[in-house]
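# Coordinate analysis (summary)
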Amino acid sequence: MKVLVSVKRVVDFNVKVRVKADGTGVETANVKMSMNPFDEIAVEEAVRLKEASIATEIVVVSCGTAACQETLRTALAIGADRAILVESNEELQPLAVAKLLKAVCVKESPQLVILGKQAIDDDSNQTGQMLAALLGWPQATFASKLKVEGEKAQVTREVDGGLETISIKLPAVVTTDLRLNEPRYVTLPNIMKAKKKTLENLKPEALGVDVSPRLSTVKVVEPSKRKAGMKVADVKALVEKLRNDAKVL
């Protein structure tokens with residue numbers, strides 16, 4: 001079974017994001033970048049499927065600038081077999097990424113596609129669902145447990161009321177949640193091995209996909225700073241404050 005995993009290069013989750021002076025977006029120049037944490041979980045799950053002799057090949061895909069090769073090499077070091085970069089300098093929005101991934105799926109014919117449920121830079125949570133719709137495949141989002149048996153996958157999903165377990169037919173699209181697994185650390189020997197693995201470079205035009213943005217960002221601003229809190233002497237004073245200032249009682 002071939003597994004295809006999508007990964008995105010984002011500002012590292014430990015970095016404090018700064019808005020550009022002109023308000024057109026967030027600053028990425030000279031900022032530490034890394035693999036989207038949810039995508040890292042997706043790669044780890046695919047590697048575990050291969051270690052369990054369920055998956056035979058793992059293909060990792062990224063859409064973006066040439067700098068995304070670094071993210072792909074990290075995925076190869078985790079355990080993916082080969083990588084594909086769909087290189088574009090355009091601002092790639094969820095629909096464009098879903099169309100690119102669909103074209104790659106048609107080319108590669110995977111039995112399972114695993115994506116992070118969302119990227120931590122835009123929090124769109126759209127690409128996996130859009131990809132499943134474009135392919136006409138079953139989907140299981142927010143997966144906290146994945147079990148593949150034959151031509152079916154049993155997925156435990158995290159929903160508002162708790163957990164939901166569903167069975168879907170393959171090929172299918174699965175998006176990962178935080179509790180699916182804990183990604184392994186990348187070792188130096190695997191980093192060296194990753195440099196020798198195949199990394200294919202494609203262009204959107206070669207895949208027949210128009211990636212022109214459909215949405216435009218009007219303005220990006222930092223959230224307003226929270227007002228400082230205050231201490232009250234007792235419960236009676238707290239109730240008075242809530243009643244008079246916050247007007248919640």
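Everything numeric here is computed off the predicted structure, so don't read it as measured data.

With that settled, consider the nonpolar core. Among soluble globular proteins, nonpolar side chains are generally buried collectively. Grouped together as the largest cluster of nonpolar side chains are 38 residues, with contacts concentrated most on V5, L112, I114 and L146. If near-sequence neighbours (up to four positions away) are discounted, L146 is found in contact with E45, L49, L112, I114, A153, Q154, V155, V174 and L180. Of all hydrophobic cores here, the second largest spans 26 residues; its members include A103, A132, W137 and L207.

Between its terminal C-alpha atoms helix α3 (residues 94–108) stretches 21 Å, which fits the 21 Å expected from 15 residues at 1.5 Å a residue. Structurally, α3 contributes buried residues whose contacts are with β1 (2–6), β4 (57–64), β5 (82–87), β6 (112–116), α4 (127–135) and α6 (204–207).

The next subject is the state of the cysteines. Scanning the model with the defined rule gives 0 disulfides in all. Distance from the sulfur of C105, which forms no disulfide, to the nearest cysteine sulfur (C63) is 10 Å.

Here S144 lies in strand β7 (residues 139–149). Beyond its immediate stretch of four places on either side in the chain, S144 contacts T156, E158, L163, R179 and L180.

It is worth spelling out the pairing of β1 at this point. Among the 5 residues that make up β1, 5 are buried, leaving the element largely enclosed by the rest of the structure. Residues of β1 alternate between two faces, with K2, L4 and S6 on one and V3 and V5 on the opposite face, all of them buried. With 5 bridges joining them, β1 and β4 adopt parallel strand pairing. Note that in β4 the partner of L4 across the bridge is V59. As defined by bridge partners, β1 adjoins β6 across 3 bridges and the pair is classed as parallel. Directly across from V3, in β6, lies its bridge partner L112.

What follows deals with the environment of K225. For K225, the position within the fold is in the loop between α6 and α7 (235–246). Look at K225 and you get exposed, because its relative accessible area is 80%. Separated by 18 residues in the primary sequence, K225 and R243 place their C-alpha atoms 23 Å from one another.

Thresholds, definitions, all that
- Residues numbered from 1 in each chain as written.
- Predicted model: local features only at pLDDT ≥ 70, side-chain atom pairs only at ≥ 80, totals over all residues.
- Heavy atoms only, no water.
- Core = buried A, V, L, I, M, F, W, Y, C linked by side-chain atoms within 4.5 Å.
- Buried < 20%, exposed > 50% of the residue type's maximum accessible area, 1.4 Å probe, protein only.
- Contact = heavy atoms within 4.5 Å.
- Helix = DSSP H or I, 4+ residues; strand = E, 2+ residues; numbered from the N terminus.
- Expected span 1.5 Å × (residues − 1).
- Disulfide = S-S within 2.5 Å.
- Pairing = 2+ DSSP bridges.

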